[in-house]
Amino acid sequence: MGTMKLCVPSNWDYKLIESLNAPVHTVYGKLGVDKIGGGRPACKIPHLTQGFAKDFIGKVRNRGFNFNYLLNASCLGNKEFTKNGYRSILELLEWIENSGVNYVTVAIPYLAELIKLKFPKLKIIVSKMAFVSNPHQAKFWEDIGVSEITLDPNITRNFRRLRQIRKEVKTDLVLLANEACLYHCPYVYYHVNSDSHASQSDSAYKGYICYSRLFCEKAFLADPGQIIKSMFIRPEDLHFYEEIGINAFKLVGRDRETGWILKAVTAYSKRSCPGNLADILGTLSCHGSAQKKKRHSLKLHDIGASQYVFEKLRKTEVLRAKIHIDNNALRDFMSFFLNFDCENSSCKECRYCETYAHKAVSIDKAEQRLATANLRRGMKWIKDGKINLTVD
């Protein structure tokens, strides 16, 4: 069993870097916008200059950590095959390498091949947005020459599949630990494509609404069993993966404050999260409180025409009820999955996660009703064409 390695998100705060220690192995991040794009829209992450980023990356490297620059867009709009698009990609990669970055994350095989050819010093990590979920896919990427493969979160509790992949490839495998997205979400491919284009310099400011997340939020509130089915890993359960040869874990939270990121890093470093597990899970915890005047039934004028206002509201009690997950109630939860195949089983017949949801999940009823009503209202406005965003 190897030494645990944590890959932690950067919010570009120097205080974060000063506070990190082992087992942190890698810090990851990206500019708000660039020619390739990534897995978060520009309106969610800090905007910074290349000069600031280069200085920050240098301090990360000086502290002994690796820096992983994200190039994990799932779609480039075919610009990669135009003269100007190709040149702009090479220029970005040249800047990345000259800035001291030593890892890049990609979701598109073509980009991996291009980087191996033109920038062989950069180590490549396969993004979770490539949805590697079986030994065949993993071997394909290994043959390209990647250094790490981040696996599809949907197989996080499929230990039979994880063992098969581990047996097939020698490449380091990575699992997302504190992401809590819907299990086999029907919106996932639309979501990653939408986020990719919303972080590319020629399309980032043409209007963005994370409709996919609204769908997820509503589903979690309607059925708390979906919260338990989401593929998070408790800090206390990391050993199950280490025992089968997976010891690298990625934490989400690039759009969070430093205190929140450090709380998650501490929990996974110490393998312990007393109290509310939702506090360290990306999708399930609030980012802050809405102004008191906006803690009401959502009105169209609350949103206006700004993608920034809408996204900020989405992360508060207006559209996201506070969720409490009693971590202690889940202490025996994971062992069930060591020999159970969720992929080929019926949740309706099994109901294992629903049983644990009744034990562990609690949501304030008033907040649940308010957020659910607001989500329904907001989603209907979008489908009715009543929310028309202007360029911010």
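Let me sum up the structure you'll find in this document.

Criteria and cut-off values
- Residues numbered from 1 in each chain as written.
- Predicted model: local features only at pLDDT ≥ 70, side-chain atom pairs only at ≥ 80, totals over all residues.
- Heavy atoms only, no water.
- Core = buried A, V, L, I, M, F, W, Y, C linked by side-chain atoms within 4.5 Å.
- Buried < 20%, exposed > 50% of the residue type's maximum accessible area, 1.4 Å probe, protein only.
- Contact = heavy atoms within 4.5 Å.
- Pairing = 2+ DSSP bridges.
- Helix = DSSP H or I, 4+ residues; strand = E, 2+ residues; numbered from the N terminus.
- Axes fitted to C-alpha atoms, helices over the stretch in contact; angles between N-to-C directions.
- Salt bridge = Lys/Arg side-chain N within 4 Å of Asp/Glu carboxyl O.
- Phe/Tyr/Trp six-rings, centres within 6.5 Å; stacked < 30°, edge-to-face > 60°.
- Lys NZ or Arg CZ within 6 Å of the ring centre and 35° of its normal.
- Right-handed = clockwise from strand over helix to strand, strands pointing away.
- Parallel < 35°, antiparallel > 145°, perpendicular 65-115°, else oblique.
- Left-handed = near helix turned anticlockwise from the far one by under 90°.
- Nonpolar A, V, L, I, M, F, W, Y, C, P; charged D, E, K, R; others polar.
- Expected span 1.5 Å × (residues − 1).
- Disulfide = S-S within 2.5 Å.

## Concerning the nonpolar core
One broad trend across soluble globular proteins is that nonpolar side chains are buried collectively.
Here comes step 1: Counting residues in hydrophobic clusters, the biggest one holds 119 residues, and the most contacted among them are Tyr69, Leu71, Trp141, Tyr241 and Ile325.
Here comes step 2: In contact with Tyr241, not counting residues within four places along its chain, are Thr156, Arg157, Phe159, Leu162, Leu175, Ile233, Ile246, Phe249 and Met334.
Here comes step 3: Of all hydrophobic cores here, the second largest spans 5 residues; its members include Tyr28, Leu70, Leu176 and Val252.

## Concerning the sheet that holds strand S2 (residues 24–29)
Paired through their backbone hydrogen bonds, the strands of a sheet run either parallel or antiparallel.
Here comes step 1: On the basis of which strands lie adjacent, the closed barrel formed by 8 strands has the order S1-S2-S3-S4-S5-S6-S7-S8 and parallel pairing. The mean angle between the axes of side-by-side strands here comes to 25 degrees, regardless of whether they run parallel or antiparallel.
Here comes step 2: Strand direction decides the pairing type here: strand S7 (residues 172–176) and strand S8 (residues 248–250), joined by 3 bridges, are parallel. Considered in S8, the bridge of Leu175 is made with Phe249.
Here comes step 3: On the sheet, helix H2 (residues 50–62) packs against S2 and strand S3 (66–71) and is oriented at approximately 140 degrees with respect to S3.

## Quick word on the pattern of salt bridges
Here comes step 1: Evaluation of the coordinates by the stated rule reveals 13 salt bridges.
Here comes step 2: For Lys79, the salt bridge is made with Asp202, and the minimal N-O distance between the two is 3.6 Å. Of this pair, Lys79 sits in the loop between S3 and helix H3 (83–98) while Asp202 sits in the loop between helix H7 (188–197) and helix H8 (211–222), and the two are 123 residues apart along the sequence.
Here comes step 3: Among the residues examined, Lys79 registers a relative accessible area of 27% and is labelled partly exposed.
Here comes step 4: Notably, a salt bridge pairs Glu179 with Lys128, separated by 3.5 Å at the nearest N-O pair. In this pair, Glu179 is assigned in the loop between S7 and H7 and Lys128 in the loop between strand S5 (123–126) and helix H5 (135–144), connecting sequence segments 51 residues apart.
Here comes step 5: Several salt bridges converge on common partners, so that one network encompasses Arg234, Glu236 and Asp237.

## So, the packing of aromatic side chains
Here comes step 1: The final tally for this structure, using the stated rule, is 22 aromatic pairs.
Here comes step 2: Relative to Phe249, the ring of Tyr241 has its centre 6.4 Å away and its plane inclined at 75 degrees; by these criteria the two rings are edge-to-face.
Here comes step 3: Overall, Tyr241 belongs to the buried group, its relative accessible area being 0%.
Here comes step 4: Through pairs of rings, three or more aromatic residues link up here, namely Phe333, Phe336, Phe337, Phe340, Tyr352 and Tyr356.
Here comes step 5: The ring centre of Phe232 lies 4.9 Å from the NZ or CZ of Arg157, which sits over that ring.
Here comes step 6: We note Arg157 situated over the ring of Phe337; from NZ or CZ to the ring centre the distance is 5.5 Å.

## A word on the pairing of S5
As a general feature of sheets, a regular strand has side chains that alternate between the two faces.
Here comes step 1: Pairing of strand S4 (residues 103–106) with S5 involves 4 bridges; the strand directions are parallel. Bridging from a neighbouring strand, Val104 pairs with Ile124 of S5.
Here comes step 2: Handedness of the crossover joining S4 and S5 through helix H4 (residues 109–118): right-handed.
Here comes step 3: Bridge count for S5 against strand S6 (residues 148–150) is 2 bridges, and the pairing is parallel. Paired with Val126 across the two strands is Ile149, which belongs to S6.
Here comes step 4: Since S5 and S6 lie parallel, the crossover through H5 that links them has a hand, and here it is right-handed.

## Some thoughts on the packing of H5 against helix H6 (residues 159–168)
In helix packing, the relevant descriptors are the interaxial angle and the interaxial distance, both defined with respect to the helix axes.
Here comes step 1: The contact between H5 and H6 brings their axes to 9 Å, and the two run at 30 degrees. The orientation of H5 relative to H6 falls into the category roughly parallel. Of the two elements, H5 crosses H6, and the hand of that crossing is right-handed. On H6, the residues that touch Pro135, Ala138, Lys139 and Glu142 of H5 are Arg161, Gln164, Ile165 and Glu168.
Here comes step 2: Classifying every residue of the contact of H5 with H6 by side-chain character gives 3 nonpolar, 1 polar and 4 charged.

## Some points on helix H15 (residues 352–360)
Here comes step 1: Residues Tyr352, Cys353, Glu354, Tyr356, Ala357 and Ala360 constitute the buried set of H15.
Here comes step 2: Turning to H15, the residues buried within the fold contact helix H9 (225–229), strand S9 (323–325), helix H14 (347–350) and strand S10 (361–363).

## Digging into helix H11 (residues 258–270)
Here comes step 1: End to end, H11 covers 18 Å across 13 residues, agreeing with the expected 18 Å (1.5 Å per residue, within 8%).
Here comes step 2: Here H11 has its buried residues at Thr258, Trp260, Ile261, Ala264, Val265, Ala267 and Tyr268.
Here comes step 3: Buried residues in H11 make contact with strand S1 (5–9), helix H1 (14–19), S2 and helix H10 (238–242).
Here comes step 4: Directly after H11, the chain includes Arg271, whose backbone phi takes a positive value near 55 degrees.

## Some words on the state of the cysteines
Here comes step 1: Inspection of the entire model under this criterion finds 0 disulfides.
Here comes step 2: Of all cysteine sulfurs in the structure, the one in Cys342 sits closest to Cys350, which takes part in no disulfide; the separation is 6.4 Å.
Here comes step 3: Residue Cys350 is classed as partly exposed on the basis of its relative accessible area, which comes to 32%.

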